[in-house]
Amino acid sequence: MPERRRRPHRATQIRQTRLDALTGLRFFAAAGIVFLHIGGRYGVPKVDVPLANGVMLFFVLSGFILTYVYAEVEGADELKRFYLARFARVWPLHLATFLAAVVFAVNASFPSHAVTATVSALNLALLQSWVPTASVAYSFNSVSWSLSNELFFYALFPLLRRNLARSWHWKLLLSLFCGLLVAWSMVVFELPMSGEPTQVTTETLAISSPLSHLFQFVIGMCCCLVWLRIRHLLPTSLVPASLLEIGLVLFGWWLGYHVTEIRGFGLLFGERAELWMNFTNGLVPAVAALIIVLASGNGIVGRFLASRPLVFLGEISYAIYMSHFVILIVLLRDFDGLASWPWWLALVSYLGLTLLVSTLLFLFVEKPLRNFITGRRHATS
């Protein structure tokens, strides 16, 4: 009987080519969330563009990058390495900003010690987004609800990645069904559009539920398969590649302004389902197409995103996302004098402080702890 060949290790990094344009794109996802939260302050107007979809962009990028980096994750040792790398990627900085939120008393007022302990445990375990009330899902450092979503996606990734090239059809449909199930539950249970922090509302469920966003992660995985198959067909010369990239950026910008006007969905399924659509998957077509094209980085937009300054900003984008809200709340609450400054000086001061804190967190918290936990000099995205 011939000797059975040992299967190669498949959960390690399998492609060494960096997708720098997608790294740079992550900065703009984080910047969208920052400007969403400072809208109406420091001279920044509130706009109709759904900047909250910056989180959706993170989810799609996450699915794309993980699918690019990892082959099928099988066996106990491979699963252990994968989950350890994911833990090292998100939790140290989550802990640091959680502690900062506690120290500065940011969004963490609860009626009793028992409730405080329970919500704290859910938050530290990154399970808070499974409780669709603002008081839990957005507890402490509010933006960490998205990490709770990511943890769910990471848990499913080995199963989703298995035979993806042959099974993407039903996995994509199943993830879409999960989102539609959330929208259906809003309508059936007649959840209020908004309400008290302790109340389950349509808005909180639509925004924070992991099931609402699973489709975005899976579409990112499918985008990676598409790109790997068609990248040789994409234009490589500067002019046609630039025209394609710019065209998709403009399409995304246009759709961003008009996604909130999608009324057909609301007429069919009601305003609750319309809100779910606008907060979750309305911009997915534009984002998916843009990521597929930008992954090659052949045009002027891709080259700009792949420049060293943008790549560094993309590398610290997670720290920007995790720190900006705590910094904003502290400045608004404890530094009233900032409001009396010229708007441009107040804005530059806030953004500069956020970039400084984010850089320090990346260099002295996120990166070293990630490397220490994984035992590597570098960790995958």
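Residues numbered from 1 in each chain as written. Predicted model: local features only at pLDDT ≥ 70, side-chain atom pairs only at ≥ 80, totals over all residues. Heavy atoms only, no water.

## Observations regarding the overall build of the chain
Our working rule: Counting from the N terminus, the helices are the DSSP runs of H or I reaching at least four residues and the strands are the DSSP runs of E reaching at least two. Contact between two residues is taken to exist if any of their heavy atoms lie within 4.5 Å; hydrogens are not considered. Note on areas: Shrake-Rupley with a 1.4 Å probe; residue coverage comes only from the protein chains shown.
In terms of helices and strands, the chain carries 17 helices and zero strands. Considering only intrachain contacts with a sequence separation of at least 6, the fraction spanning at least 24 residues in the chain is 79%. When the accessible surface of the chain is summed, it comes to about 18,700 Å², and 68% of that surface belongs to carbon and sulfur atoms.

## Re the nonpolar core
For soluble globular proteins, the rule of thumb is that nonpolar side chains tend to be buried together. Rule in force here: Only buried residues count toward a nonpolar core. Its members are Ala, Val, Leu, Ile, Met, Phe, Trp, Tyr and Cys residues joined through side-chain atoms within 4.5 Å. Burial classes: relative accessible area under 20% of the type maximum marks a residue as buried, over 50% as exposed, and values in between as partly exposed (1.4 Å probe, protein chains only).
Among the nonpolar cores identified, the biggest contains 100 residues, and L22, F64 and I291 are the most heavily contacted of them. It is helix α2 (residues 54–69) that provides the largest number of residues to this core, a total of twelve residues. Grouped together as the second largest cluster of nonpolar side chains are six residues, V182, M186, L191 and A206 included.

## So, unusual backbone geometry
Phi at F140 is positive, roughly 55°, even though this residue is not glycine. Unlike most non-glycine residues, N163 shows phi in positive territory, near 50°. Structurally, N163 can be placed in the loop between α6 (145–161) and α7 (164–188).

## A few points about the side chain of E366
Along the chain, E366 turns up in helix α17 (residues 343–374). You can call E366 buried: its relative accessible area is 1%. Once residues lying within four places of it in the same chain are set aside, the contact partners of E366 are R89, L93, E315, Y318, A319 and L361.

## Digging into the packing of helix α1 (residues 20–37) against helix α16 (residues 317–334)
In helix packing, the relevant descriptors are the interaxial angle and the interaxial distance, both defined with respect to the helix axes. Applicable threshold: Whenever a helix is involved, its axis is fitted only over the stretch in contact; in every case the axis is a line through C-alpha atoms, and angles between N-to-C directions fall within 0 to 180 degrees. Roughly parallel here means an angle under 35 degrees, roughly antiparallel means over 145, roughly perpendicular means 65 to 115, and every remaining angle is called oblique. Under the convention adopted here, Pro, Cys and the residues Ala, Val, Leu, Ile, Met, Phe, Trp and Tyr are nonpolar, Asp, Glu, Lys and Arg are charged, and Gly plus all remaining residues are polar.
In the contact formed by α1 and α16, the axes pass within 9 Å of each other and the chain directions differ by 10°. Taken together, α1 and α16 sit at an angle that is classed as roughly parallel. Contact residues: R26, F27, A30, I33, V34 and H37 in α1; S317, I320, Y321, H324, F325 and L328 in α16. For the contact of α1 with α16, a count of residues per class yields eight nonpolar, three polar and one charged.

## Notes on the environment of L238
Topologically, L238 is positioned in helix α10 (residues 238–258). The partly exposed category is assigned to L238, whose relative accessible area is 40%. Excluding its chain neighbours within four sequence positions, the residues that come into contact with L238 are N298, G299, I300 and R303.

## What about α17?
The cut-off we apply is this: Expected span of a helix, by definition, is 1.5 Å for each gap between consecutive residues, and there is one gap fewer than residues. The angle separating two fitted axes, one through the seven residues that finish at a residue and one through the seven that start at it, defines the bend at that residue.
Taking 1.5 Å of rise per residue, 32 residues should cover 46 Å, and α17 covers 44 Å from first to last C-alpha, within 8% of that figure. Considering bend angle alone, the principal kink of α17 is centred on F362 and spans about 45°. Looking one or two residues past α17, G375 carries a phi angle of roughly 70°, positive in sign.

## Remarks on the packing of aromatic side chains
The following threshold applies: Ring pairs are drawn from Phe, Tyr and Trp, using the six-membered ring of Trp, whenever the two centres fall within 6.5 Å, and their geometry is named by plane angle: stacked under 30 degrees, edge-to-face over 60, tilted for the rest. Working rule: Lys NZ or Arg CZ, within 6 Å of ring centre, within 35 degrees of ring normal, means a charge sits over the ring.
Summed over all chains, the structure comprises 19 aromatic pairs. Centre to centre, the rings of Y68 and W227 are 5.9 Å apart; their planes meet at 65°, and the pair counts as edge-to-face. Here W227 lies in helix α9 (residues 210–230) and Y68 lies in helix α2, a separation of 159 residues in the sequence. A ring pair is formed by Y70 and F157, whose centres lie 6.3 Å apart and whose planes are at 70°; its orientation type is edge-to-face. Taken together, the residues Y70 in the loop between α2 and α3 (76–103) and F157 in helix α6 connect sequence positions 87 residues apart. Residue Y70 shares its accessibility class with F157, and that shared class is buried. Positioned above the aromatic ring of Y154, the side-chain terminus of R86 is 5.3 Å from the ring centre. Sitting above the plane of the W227 ring, R231 keeps its charged end 4.8 Å from the centroid.

## Topic: the pattern of salt bridges
As a reminder, the rule being used: Any Lys or Arg side-chain nitrogen found within 4 Å of a carboxyl oxygen on Asp or Glu counts as a salt bridge.
Taken as a whole, this structure holds five salt bridges when the rule is applied. In this structure, E74 and R162 form a salt bridge, with 2.3 Å as the shortest nitrogen-oxygen distance. Of this pair, E74 sits in the loop between α2 and α3 while R162 sits in the loop between α6 and α7, placing them 88 residues apart in sequence. A relative accessible area of 41% places R162 in the partly exposed class. Each of R18, D20 and E315 takes part in a single network of salt bridges with overlapping partners.

## A short note on α6
Its 17 residues give α6 an end-to-end C-alpha distance of 24 Å, which sits within 8% of 24 Å, the value for a rise of 1.5 Å per residue. Residue A155 marks the point of greatest curvature in α6, where the axis turns by about 35°; the proline P158 follows within four residues. Of all 17 residues in α6, 13 are buried; the element is thus mostly enclosed. At the exit of α6 stands N163, carrying a positive phi of roughly 50°.

## Points about the confidence of the model for the chain
The condition is simple: Scored between 0 and 100, pLDDT is the confidence that the predictor attaches to each residue.
On average, residues of the chain score 87 in pLDDT, and 87% of them are at 70 or above. The lowest-confidence element of the chain is helix α11 (residues 264–269), averaging 54 in pLDDT; the highest-confidence one is helix α15 (residues 308–315), averaging 97. Taken as a whole, residues 1–13 scores under 50 in pLDDT and shows 17 contacts with residues more than four places along the chain or in a different chain.

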